[in-house]
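Tertiary structure, described
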Amino acid sequence: MGEPELRSGQVADAAGVNVQTLRYYERRGLLAAPRRSPGGHRLYPAETVTLLRVVKAAQRLGFTLAEVAGLLAAGPHDAGLRTRAHDKLAEVERRLADLTTVRDTLREAISAGCDDLITCAGSSRCPLPFADPDHGPATV
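Rules and cut-offs
- Numbers given to residues run from 1 along each chain, matching the order in which its sequence is written.
- Predicted model: local features are reported for residues with pLDDT of at least 70 only, side-chain atom pairs are reported and counted for 80 or more only, and whole-chain, interface and lining totals are derived from all residues.
- The side-chain quantities take in all heavy atoms of the structure and omit both hydrogens and water.
- Working definition: helices are DSSP H or I runs of at least four residues, strands are E runs of at least two. Numbering for both runs from the N terminus.
- Here the term buried applies to any residue with accessible area under 20% of the maximum for its type, exposed to any over 50%, and partly exposed to those in between, with areas from a 1.4 Å probe on protein chains only.
- We call two residues in contact when some of their heavy atoms are within 4.5 Å.
- Each accessible area is a Shrake-Rupley result for a 1.4 Å probe, and residues are judged covered by the shown protein chains and nothing else.
- Strands qualify as paired when DSSP identifies two bridges or more between them.
- Between N-to-C directions, angles cover 0 to 180 degrees, with each direction set by a line fitted to C-alpha atoms, over the stretch in contact for helices.
- Oblique is the label for any angle not covered by the other classes, which are roughly parallel (under 35 degrees), roughly antiparallel (over 145) and roughly perpendicular (65 to 115).
- For any helix crossing, the convention is left-handed if the near helix is rotated counterclockwise from the far helix by under a right angle, and right-handed if that rotation is clockwise.
- Side-chain classes follow a simple rule in which Ala, Val, Leu, Ile, Met, Phe, Trp, Tyr, Cys and Pro form the nonpolar group, Asp, Glu, Lys and Arg form the charged group, and the remainder, Gly included, forms the polar group.

The number of helices and strands found in the chain is six helices and three strands. Starting at the N terminus and walking to the C terminus, you meet the elements of the chain as β-α-α-β-β-α-α-α-α. Across the 140 residues of the chain, 24% fall into the buried class. In the chain, of all internal contacts separated by at least 6 residues, the share reaching a separation of at least 24 is 45%. Of the accessible surface of the chain, which amounts to about 9900 Å², a share of 57% is contributed by carbon and sulfur atoms.

The structure is reproduced here in structure tokens:
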């Protein structure tokens, strides 16, 4: 007898996703189309649960579904994961730097007592509009 197969609901429950996620991932090509039972039920191999958990973990690390699909297609001996993880880390560090700027600017706006955006932007005490880190200070 072959490997046990699971219905959609069983796979979704075990992986912590909903059934619509399974169908969406099928449409996106992340999951192969499952075999159908004589009654028309989708039947997935048991390793589908692991695959779904890997996809969700990669998403939590900031990878898009398109990036996850590329990682899955790369195969187990491809050095692509290390390279892509390095690139993702650099992207996350850039976003953290941007968020730090936003946080600091919001703190300055709160400290300056800004209650009205237009009035505050005209005040020398207010940091608004704040400088875009990629384009220098904003000009009026």
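Glancing now at the pairing of strand β3 (residues 42-45). Bridge analysis of strand β1 (residues 5-7) against β3 gives three bridges, and the strand direction is antiparallel. Its bridge partner being in β3, R7 is matched across the sheet by L43. Strand direction decides the pairing type here: strand β2 (residues 35-36) and β3, joined by two bridges, are antiparallel. Pairing of R36 across the sheet is with R42, part of β3.

We now examine the environment of T50. Within the fold, T50 resides in helix α3 (residues 47-60). Separated by 36 residues in sequence, T50 and A14 place their C-alpha atoms 9.1 Å apart.

The next thing to look at is the packing of α3 against helix α4 (residues 65-74). At their nearest, the axes of α3 and α4 sit 10 Å apart, and the two run at 130° to each other. Taken together, the axes of α3 and α4 lie oblique to each other. With respect to the hand of their crossing, α3 and α4 are arranged in right-handed fashion. Residues L51, V55, A58 and Q59 of α3 touch α4, and the partners they reach there are L65, V68 and L72. Residues belonging to the contact of α3 with α4 are distributed by class as follows: six nonpolar, one polar and no charged.

This part is about the sheet that holds β1. The strand order across the open sheet built from three strands is β1-β3-β2, with neighbouring strands paired in antiparallel fashion. Whereas interior strands pair on both sides, the edge strands pair on one side only; in this sheet they are β1 and β2. Its contacts with the sheet put helix α1 (residues 8-15) on β1 and β3, and the angle it makes with β1 is roughly 90°.

Note that all results are geometric; they support no functional claim without further evidence.
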